[in-house]
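So the chains spell out like this:
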Amino acid sequence: MRIILAIRHAQPLTEKLILCPQCDLLMALPPLSAGTKAVCLRCSTTLSTRWEEPRKRPIGYALSALFMLLLANIFPFINMRVAGFGNEIKLINIPQVMLEENHASMATLFMLLVQLIPAFCMLAIIVLCARVRMPLALKEWLGKMLFQFKTWCMVEVFLAGVLVSFVKLMAYGDIGIGGSFLPYCLFCLLQVRAFQCVDRHWLWQDIAPAPRLDLPLTVGGTGMRQGVRSCLCCTAILPAEVTQCPRCHTNGYVRRRNSLQWTLALLVTSLMLYIPANLMPIMVTEALGNKMNSTIMAGVILLWGEGSYPVAMVIFIASIMVPSLKMLAIGWLCWDANGNGKNRGNSERMHLIYEVVEFVGRWSMIDVFVIAVLSALVHIGLLMSVYPATGALLFALVVILTMFAAMAFDPRLTWDRLNETIKKEPQGDGKQ
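Bear in mind the structure is a predicted one, so any value in this text is a computation, not a measurement. (Residues numbered from 1 in each chain as written. Predicted model: local features only at pLDDT ≥ 70, side-chain atom pairs only at ≥ 80, totals over all residues. Heavy atoms only, no water.)

**Student:** Go over the UniProt feature "transmembrane region" (unreviewed entry) in the protein chain with me, naming the residues and quoting the values.
**Tutor:** Per the UniProt record, "transmembrane region" (unreviewed entry) is found at residues 59-78, 107-130, 151-171, 177-195, 264-284, 311-335, 356-380 and 386-409. Along residues 59-78 the backbone is 80% helical and 5% strand, and the end-to-end C-alpha distance reaches 30 Å. Here residues 107-130 runs as 96% helix and 0% strand, with 33 Å between its end C-alpha atoms. (UniProt positions renumbered as here; feature names shortened; annotations may be inferred. Helix = DSSP H or I, 4+ residues; strand = E, 2+ residues; numbered from the N terminus.)

**Student:** Describe the environment of M272, with residues and values.
**Tutor:** Residue placement: M272 occurs in helix α8 (residues 259-279). A C-alpha to C-alpha distance of 8.8 Å links M272 and V398, two positions 126 residues apart in sequence.

**Student:** I'd like to hear about the nonpolar core, residue by residue, with values.
**Tutor:** Core analysis: the biggest nonpolar cluster contains 118 residues, and L146, F158 and Y184 have the highest contact counts within it. Per-element tally for this core: the top contributor is helix α3 (residues 104-129), with 16 residues. If you count residues domain by domain, this core takes at least three from each of domain 2 (54-208) and domain 3 (257-411). The next biggest cluster of nonpolar side chains, apart from the first, holds 11 residues, and it includes I18, C20, A38 and C40. (Core = buried A, V, L, I, M, F, W, Y, C linked by side-chain atoms within 4.5 Å. Buried < 20%, exposed > 50% of the residue type's maximum accessible area, 1.4 Å probe, protein only. Domains from an automatic or database assignment.)

**Student:** So, the pattern of salt bridges: which residues are in play, and what are the values?
**Tutor:** If you walk through the whole model with that rule in mind, you get 7 salt bridges. As a salt-bridge pair, D206 and R131 come within 2.6 Å of each other at their nearest N and O atoms. Of this pair, D206 sits in helix α7 (residues 200-207) while R131 sits in the loop between α3 and α4 (136-149), and the two are 75 residues apart along the sequence. Here D206 falls in the buried class, since its relative accessible area comes to 19%. The partner of E156 in a salt bridge is R362, and the shortest N-O contact between them spans 2.2 Å. (Salt bridge = Lys/Arg side-chain N within 4 Å of Asp/Glu carboxyl O.)

**Student:** Describe the side chain of D24, and please don't skip the residues or the numbers.
**Tutor:** The topology assignment puts D24 in the loop between β2 (17-19) and β3 (26-28). Judged by relative accessible area, D24 falls into the buried class, the value being 1%. In terms of polar contacts, D24 uses its side chain to reach the side chain of R255, at 3.2 Å. With residues up to four places along the chain from it excluded, the contact list for D24 reads L19, G221, T222, G223, M224, R255 and R412. (Polar contact = N/O pair within 3.5 Å; in protein donor to acceptor, adjacent residues only side chain to side chain. Contact = heavy atoms within 4.5 Å.)

Below, the structure is given as C-alpha cells:
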C-alpha cells in the first residue's frame, strides 16, 4: 500500500481536517486514491486508508470469516491418543469442559475473546458496510462497539497457543488435527483482513456526517492550543468545551481525565497480581493418581530440558519477559508524561514505546490458551488429566489489567512537552 503524508501547511477545509489521535497535530487529509493511506507527519500514525471497493471487500472477508468459524465449531478440532486411549475435542467443547471442572472464569474468557467478540465484530462490519436499514442510534452503537472490541479479538493469539500446545502434547502421545483446524486458521486470517479493510474515519463519515465546526483553525498546530479536541471514537473535531460528541455520543475531553492516575492504579494492581501468578501453579497434571503442580517458569524449564528450545523461548518471552517489560514501559511512560519529556527525540522514542506496548500486550495470553487446550483435551480417565489452577486466572487478570492500563494512558501527553518547548521558541515561516 502506498503511503501519503497528510498535508501540514495548507488552506484548511473543515470537512478535510483531522486531528491525529496520538500526537494531537491538526492536518488536512489529501485526496486518497485506492490503495493509499494518509499518515501523520509527526508520529507516523495512520490517519485514513482508502481501499478499492471499500464496502464489498470487508463484507466479503467478514462473511467468509463467519462461515469458517461455523465450520470450525462443527467438526473435531484436535485429537490425541495415549497408550491406546483416545480423545478429541471441538472448539465448543473447550469452555464446556472447563465449566464442568468449575472453572467458569476461564471458560468465560475463552468464549468472549476467541469466539463471541470476533463473531460480533464480523457481524458489525457486514451490517455497517452493507448499509442495512436500521435506527441511527443502533448504527452508532455498532460503530462504537466495533472499534472498542477490536483489541479484544484474540483469535491469532489462541491459534499460536494451539501450536504451542501441540509441542507439549507430543510428549504425552500422538497428536492429530481434525476437520475444523484448517477452517479456524482461515477464520483467523480472514478476520484480520476484514479489520484491515475497515477505515475508522471513512466508516464514521458513512454512518453520519461530522458535526460542523465554525472555528478558525490552522493546519500544523495542535488541537489543544487551538481550543479543539478529537473524538477518539469517531475522529470528529469538536470544540474543547464540548464533552459529548454530537455524532457518536461518546464522552471525551481535550486529554483523558486522570489518565496517569488510572494508568498507575491499574499498573500497581497488575503488579500485585503478577507476583502470585508466577509463584502459584497455573496447571495441575494428574497421572495415575499422582498430581504435579506446574508454574510458568517450571513449564519453561521443562520444555527447555526436553529440547523444545523454540517453544520454551516463546513461552518465556510471552509469559515472563513481555508482561515484565510491559509494566516497566507503562511506568516509564507515566514518569515521562508527568514532566520529564523535554525534547523531540524523547517524544518520538516514548511514542514508539507506547506503540510496542499496545501491540505486544495481548500476546501474553498465549500461556492461558495453552492451558485451556490442554485441560480440554487431556482427559483420559485415570490415566492422565490436566486442569487449570489458580495461577492461570491470576495471570489472565494481569494481562487484562495491563491492557486496560495501556488504554487508560493518553499518548498525547508524551507530545505535550514538545508542544510547550515549541511554544517558547521563535516561530519560523512554517517551511520544512
